[in-house]
Amino acid sequence: MPELNHSDAPQPFPILIGDIGGTNARFSILADANSEQEHFPVVQTANFETIDDAIKLTLEKSKVQPRSAILAMAGPVQGDEIPLTNCDWVIRPKTMIANLGIEDVLIINDFEAQALAIAEVADDHRESIGETSENNAASRAVLGPGTGLGVAGLIHTQHQWIPVPGEGGHIDLGPRSERDLQIWPYLEAIEGRISAEQVICGRGLQNLYHAICKADGIEPSLKEPADITTHALAGTNKQAEETLTLFVTYLGRVAGDIAMIFMARGGVYLSGGISQKILPALQKPEFRAAFEDKAPHTEMMKTIPTHVVTHPLAALSGLASYARKPASFGLATEGRRWRR
Ligand SMILES: Nc1ncnc2c1ncn2[C@@H]1O[C@H](COP(=O)(O)OP(=O)(O)OP(=O)(O)O)[C@@H](O)[C@H]1O
C-alpha cells in the first residue's frame, strides 16, 4: 500500500516530470542524472478526464518507463486527494502508484518549481532589465504575473538553495503618486482591499485599465488583457498606454518589496505568461525606477539585478535541476511524497 513518506532518499530514475497548469500540462522524462529531458507534446487538461489518463497517453510515446514522478501544480498540496485550481483534475498519488507502474511520487507547488528554476538560468534563457553585476551565491526571488500573481523566494544558505513558496501575490498594494490617488477609488477591491494580485496579473490589467478610463471619464473600449498590452505597445490607445506604464511601475514596486523581504541580492526574476509579452515596457525606466525607489535602501536596491525569464519551459527545467541534484536543494518533502 503506498504511503505518505518523507524519506530524504533521492527519487529513483527514470523520473517523470510534470508542470500541471489550469489549461496546459507539460511532461518530460529524465532517464538519469546526466541525460537531457525527453519532452512530450503539451497536453490540454480539458481533453482528459483525469491526470492519470493524460500520463498514460504520454508514457505510450516514451522510450522508458518512469519509476518516480515529480509534479508541480497550482494550489496547496494537502492530503491524498489534491484538486487543481482552475481545472477538474484531482491528483491522487496513491492511485498513480497503483495504476501507472510508478513507485514514488512527489507533488510540489508550481511557484516552488519556478523558484527551483531560477537557481541556474542560462543567459539565453533570460533578459536582464537594468545594468547590475551578478551575485551568484546570494538569495533570489521570483514573481510571475499570469492568471494570478505567483511569488516565491529562493534562499541560499549552507551551500543549498531553499525554495520558499508563499502567498506574496496577496500583499497590499497602496497608492503613492497623485495619479495613483485619482485611480485607486475606481479599482475593484477584494473584500475592501487592493491586493497586488488585484492589479498585477491578466485580470488586474483589465481592472487597472477600467479604473484609468473611469478616472478620465472615458468609456472603456478594450476587453482582453492582450488587447490592452497590444494597443499599449503599439501606442494606439492612450489609456492602454498608461495602464501598461502603471502596470510595470506597480510590478517594480512589489518586486522591490519582495527583494527586500528575501534580501534577494542574487536577483529578482519575472516569470509567468505576461512578463515576456511586455518586455519592451519593462525595459523602459519606470520598472527599475519603482524597484529602486525604496528609501532608506535605494543604494542597495540599485545593486540587485532584475531579469525576465524567457525559458519556454522554466518550471520543467527547475524540476529537472532538482531531480538531478536533490542534495543541492533544501526542498521540504514532508506530507507530499508518497512511496510504495
Ligand atoms: N499579450 C498579453 N498581454 C497581457 N496579458 C496576456 C497576454 N496574453 C495572455 N495574457 C493573460 O495572461 C494570463 C495567462 O497567464 P499564463 O500564460 O501565465 O497562464 P497561467 O494559467 O497562469 O499558467 P499555465 O499556462 O501554467 O496554466 C491570462 O490572464 C491572459 O489573459
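Model, not experiment: these values are computed from the prediction.

Summing up its helical and strand segments, the protein chain has twelve helices and 16 strands in all. Taken over the C-alpha atoms alone, the protein chain extends approximately 65 × 45 × 35 Å along its principal axes. When burial is assessed residue by residue, the protein chain has 52% of its 340 residues classed as buried. Summarising the internal contacts of the protein chain: among those between residues at least 6 apart in sequence, 69% fall at separations of at least 24.

Let us now look at the site of the ligand. Around the ligand, a shell composed of 15 residues is seen, among which G146, T147, P225, T229 and G273 lie nearest. The side chain of T229 places a nitrogen or oxygen atom 2.7 Å from a nitrogen atom of the ligand. Relative to its unbound accessible surface of 650 Å², the ligand loses 69% to contact with the protein. Elements with a minimum of two residues in the shell around the ligand: α5 (202-216), α6 (225-234) and α8 (272-277). If you tally residues by element for the shell around the ligand, the top one is α8, at four residues. Partitioning the shell around the ligand into residue classes produces four nonpolar, nine polar and two charged. Taken domain by domain, the makeup of the shell around the ligand includes at least three residues from each of domain 1 (3-113 + 314-339) and domain 2 (122-310).

Moving on to the sheet that holds strand β13 (residues 160-165). Strand order in the open sheet made by the six strands is β10-β15-β14-β11-β12-β13, with mixed pairing throughout. Here the strands that pair on one side only, and so sit at the sheet edges, are β10 (126-129) and β13. Each strand axis lies, on average, 25 degrees off the axis of its neighbour in the sheet, ignoring direction. Sheet topology places β10 next to strand β15 (residues 306-309); four bridges connect them, and they run antiparallel. Across the sheet, the residue bridging to S128 is H307, located in β15. In the packing of helix α3 (residues 110-117) onto the sheet, contacts are made with β11 (140-145), β12 (149-157) and β13, and the angle to β12 comes to roughly 45 degrees.

The next thing to look at is the packing of aromatic side chains. Ring pairs (aromatic) are described by centroid distance and by the angle formed between their planes. Using the criterion set out here, one finds three aromatic pairs in the structure. A centroid spacing of 5.3 Å and a plane angle of 85 degrees characterise the contact between W184 and Y250, whose relative ring orientation is edge-to-face. Taken together, the positions of W184 in the loop between α4 (178-183) and α5 and Y250 in helix α7 (residues 238-262) put the pair 66 residues apart, joining distant regions of the chain. Assessed through its relative accessible area of 0%, Y250 is described here as buried. Arranged with centres 6.2 Å apart and planes meeting at 65 degrees, the rings of Y322 and F329 form a pair that is edge-to-face. Exposure remark for F329: the relative accessible area of 6% places this residue in the buried category.

So, about the environment of V121. Within the element layout of this structure, V121 appears in the loop between α3 and β10. Along the primary structure V121 and E299 are separated by 178 residues, whereas in three dimensions their C-alpha atoms are 25 Å apart. Setting aside residues no more than four positions away along its own chain, V121 makes contact with R126 and Y269.

Here we take up helix α12 (residues 314-324). Among the eleven residues that make up α12, ten are buried, leaving the element largely enclosed by the rest of the structure. Among all positions of α12, only A314, A315, L316, S317, G318, L319, A320, S321, Y322 and A323 are buried.

Grouped together as the largest cluster of nonpolar side chains are 48 residues, with contacts concentrated most on L143, I200, L208, V268 and L282. Residue contributions to this core peak at twelve residues, all from α7. Contacts of I200, omitting those with residues within four sequence positions, involve P145, G148, L149, F247, Y250, L251 and V254. In terms of nonpolar packing, the next biggest core, distinct from the first, is built from 30 residues, I17, A72, I108 and V309 among them.

Most of α3 sits inside the fold, with seven of its eight residues counted as buried. Looking at α3, one finds that the buried residues are F111, E112, A113, Q114, A115, L116 and A117. Where α3 is buried, its residues contact β6 (68-73), β9 (104-109), β11, β12, β13 and α12. Two or three places before F111, at the start of α3, stands the capping residue N109, its side-chain oxygen 2.8 Å from that residue's backbone nitrogen.

Attention now goes to the domain arrangement of the protein chain. Segmenting the protein chain into domains produces domain 1 (3-113 + 314-339) and domain 2 (122-310). Measuring from the centre of the C-alpha atoms in domain 1 to the corresponding centre in domain 2 gives 29 Å. Facing the ten residues of domain 1 at the interface are 15 residues of domain 2. When residues of domain 1 are sorted by the area they lose upon contact with domain 2, F111, E112 and G330 head the list and together hold 58% of the total. At the boundary of domain 1 with domain 2, the tally comes to zero salt bridges. At the boundary of domain 1 with domain 2, the tally comes to three residue pairs in polar contact (both at pLDDT 80 or more). Partitioned by chemical class, the residues of the side of domain 1 that touches domain 2 number five nonpolar, four polar and one charged.

Basis of the calculations
- Residues numbered from 1 in each chain as written.
- Predicted model: local features only at pLDDT ≥ 70, side-chain atom pairs only at ≥ 80, totals over all residues.
- Heavy atoms only, no water.
- Helix = DSSP H or I, 4+ residues; strand = E, 2+ residues; numbered from the N terminus.
- Buried < 20%, exposed > 50% of the residue type's maximum accessible area, 1.4 Å probe, protein only.
- Contact = heavy atoms within 4.5 Å.
- Near = heavy atom within 4 Å.
- Polar contact = N/O pair within 3.5 Å; in protein donor to acceptor, adjacent residues only side chain to side chain.
- Areas by Shrake-Rupley, 256 points an atom, 1.4 Å probe, with all protein chains shown as cover.
- Nonpolar A, V, L, I, M, F, W, Y, C, P; charged D, E, K, R; others polar.
- Domains from an automatic or database assignment.
- Pairing = 2+ DSSP bridges.
- Axes fitted to C-alpha atoms, helices over the stretch in contact; angles between N-to-C directions.
- Phe/Tyr/Trp six-rings, centres within 6.5 Å; stacked < 30°, edge-to-face > 60°.
- Core = buried A, V, L, I, M, F, W, Y, C linked by side-chain atoms within 4.5 Å.
- Buried area = accessible area lost by both parts, 1.4 Å probe.
- Salt bridge = Lys/Arg side-chain N within 4 Å of Asp/Glu carboxyl O.

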